[in-house]
Amino acid sequence: LKATGPFLLSAKFWFSESLRHFEASNDLRNIALLRCNLCQCCKIRANTSVALPKLNDKSSDGSSVATHAEICLQQAADHLQRAHERLGDRDADAMTWDMVSTELAATLLVLG
């Protein structure tokens, strides 16, 4: 699994680059779909032992506040919430909205 680290970083880079271009052109469907792809990158990082540094969140006294998986899943949820914000309401693109909603619900369920 360690070989997957560079592939995951590459995918995240290209999804982020594409997102920047679709944001500039205000292409809401593709923005939402790219955010879903970035969400998947976060979930993969949360659930595999790839050759990437572990994320950690420390409080001011040095104790751990959130685990690596929790941080990754929160980042995944943030991408999906931003996708919803950009879509505005369900009437704009019901199929994409429903896909983002389902993915967000599943992510929040796992996150707790």
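As the structure is a prediction and not an experimental result, all values here were calculated from the model. (Residues numbered from 1 in each chain as written. Predicted model: local features only at pLDDT ≥ 70, side-chain atom pairs only at ≥ 80, totals over all residues. Heavy atoms only, no water.)

Peer 1: What exactly am I supposed to notice about the nonpolar core here?
Peer 2: Note on soluble globular proteins: their nonpolar side chains tend to be buried together. In this structure, Ala32, Cys36, Cys39, Cys42, Ala76, Ala77, Leu80, Ala83, Leu87, Trp97, Val100 and Leu104 together form the largest nonpolar core, which totals twelve residues. For this core, the secondary-structure elements that each account for two or more residues are helix H2 (28-47), helix H3 (68-87) and helix H4 (94-111). Looking at which element gives the most residues to this core, the answer is H3, with five residues. Setting aside residues up to four positions removed in sequence, Cys39 forms contacts with Ala76, His79, Leu80, Glu103 and Thr107. (Core = buried A, V, L, I, M, F, W, Y, C linked by side-chain atoms within 4.5 Å. Buried < 20%, exposed > 50% of the residue type's maximum accessible area, 1.4 Å probe, protein only. Helix = DSSP H or I, 4+ residues; strand = E, 2+ residues; numbered from the N terminus. Contact = heavy atoms within 4.5 Å.)

Peer 1: How do you make sense of the packing of helix H1 (residues 4-25) against H2 when you look at a structure like this?
Peer 2: The relative placement of two packed helices comes down to the angle between their axes together with the axis-to-axis distance. Relative orientation of the contacting elements H1 and H2 amounts to 160°, with a least axis distance of 9 Å. Comparing their axes, H2 and H1 come out roughly antiparallel. Relative to H2, the crossing made by H1 is left-handed. Where H1 abuts H2, its residues Leu8, Ala11, Lys12, Phe15, Ser16, Ser18, Leu19, Phe22 and Glu23 lie against Asn30, Ile31, Leu34, Arg35, Asn37, Leu38, Cys41, Ile44 and Arg45. Its residues assigned to classes, the contact of H1 with H2 comprises ten nonpolar, four polar and four charged. (Axes fitted to C-alpha atoms, helices over the stretch in contact; angles between N-to-C directions. Parallel < 35°, antiparallel > 145°, perpendicular 65-115°, else oblique. Left-handed = near helix turned anticlockwise from the far one by under 90°. Nonpolar A, V, L, I, M, F, W, Y, C, P; charged D, E, K, R; others polar.)

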